[in-house]
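Residues per chain are reported as follows:
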Amino acid sequence: MSRIVADVIDALYGRCANELDEVFVLDGPGPSNDPGDYLAIGATDPESTSMTSAAEGEDDWAGVGDAAARESRSTLTCVAYSWNGDGDQKAARDAVWRLRADVCAMVRADKSLGVPGVLWLNSSRFSFDQNQGDFGAEARLVFVIEIQTDF
């Protein structure tokens, strides 16, 4: 059951890497000193050089009588990050919200991303931060993809 989270990471990463132009799509974190727009699938900080939380979940019995029936709910953490050197806060802010909207559109178009056992995917929770300084402007939007399965 928990293997499904890894399968969803693989499917979402593959889809984003193929469909999102001019975005650095990362499978987990991947530090970089380059300005631009980033989307990290399975990470809370795209520039982390240490372990980062990728997903959380729980498995429950789906009902009485069928000992094999399980229900699983998980959340996959993703982060959209934008950094520009010219101090354009609006551009950084708009970029991260656009990235989340693109991911949400993919999930709405294919509720399981083709992963067997997934009933639906959804994104509802997020956390947004922005900053500006001598380095330019940056924005970070951490959001979760909710995964519901039924076995």
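Use the structure listed above.
Residues numbered from 1 in each chain as written. Predicted model: local features only at pLDDT ≥ 70, side-chain atom pairs only at ≥ 80, totals over all residues. Heavy atoms only, no water.

Caption draft 1: Representation of the packing of aromatic side chains within the structure. The tally for this structure, following the rule as stated, stands at four aromatic pairs. Considering the side-chain rings of Y38 and Y81, the 6.2 Å spacing of their centres and the 50° angle between planes classify their relative orientation as tilted. Placement of the pair is Y38 in strand 2 (residues 36-41) and Y81 in strand 4 (residues 70-84), with a sequence separation of 43 residues. Given a relative accessible area of 5%, Y38 falls into the buried group. Judged by centre distance (5.6 Å) and plane angle (40°), the ring pair of W97 and F128 falls under tilted. A residue pair is termed long-range when its members are at least 10 positions apart, and W97 in helix 2 (residues 89-109) and F128 in strand 6 (residues 126-133) qualify at 31 residues. (Phe/Tyr/Trp six-rings, centres within 6.5 Å; stacked < 30°, edge-to-face > 60°. Helix = DSSP H or I, 4+ residues; strand = E, 2+ residues; numbered from the N terminus. Buried < 20%, exposed > 50% of the residue type's maximum accessible area, 1.4 Å probe, protein only.)

Caption draft 2: Representation of helix 1 (residues 3-19). The first and last C-alpha atoms of helix 1 sit 24 Å apart over 17 residues, in line with the 24 Å expected at 1.5 Å per residue. Taken residue by residue, helix 1 has I4, V5, V8, I9, L12 and C16 as its buried positions. The arc that holds every buried residue of helix 1, seen down its axis, measures 145°, which confines them to one face. Exposed side chains of helix 1 directed beyond 90 degrees from the buried face belong to R3 and N18. (Expected span 1.5 Å × (residues − 1). Arc of directions from axis to C-beta.)

Caption draft 3: Local environment of the environment of T52. With respect to the element layout, T52 can be found in the loop between strand 2 and strand 3 (55-61). Considering only alpha carbons, one finds T52 and P116, 64 residues apart in sequence, at a separation of 26 Å. Contacts of T52, omitting those with residues within four sequence positions, involve P29, G42, A43, T44 and D45. There is a polar contact of 2.7 Å between the side chain of T52 and the side chain of T44. (Contact = heavy atoms within 4.5 Å. Polar contact = N/O pair within 3.5 Å; in protein donor to acceptor, adjacent residues only side chain to side chain.)

Caption draft 4: Focus on the side chain of T149. Here T149 lies in strand 7 (residues 136-150). Take T149: its relative accessible area is 1%, and that puts it in the buried class. Excluding residues within four positions of it along the chain, T149 makes contact with I4, E71, S72, G117, V118 and L119.

Caption draft 5: Layout of the state of the cysteines. For the coordinates displayed, the defined rule picks out zero disulfides. The cysteine C104 is free of any disulfide, with C78 supplying the nearest cysteine sulfur at 9.4 Å. C104 sits in the buried class, given a relative accessible area of 11%. (Disulfide = S-S within 2.5 Å.)

Caption draft 6: A look at the environment of D94. Its place among the elements puts D94 in helix 2. For D94 and D129, which are 35 residues apart along the polypeptide, the C-alpha to C-alpha distance reads 12 Å. At a separation of 2.7 Å, a polar atom in the side chain of D94 contacts the side chain of K90.

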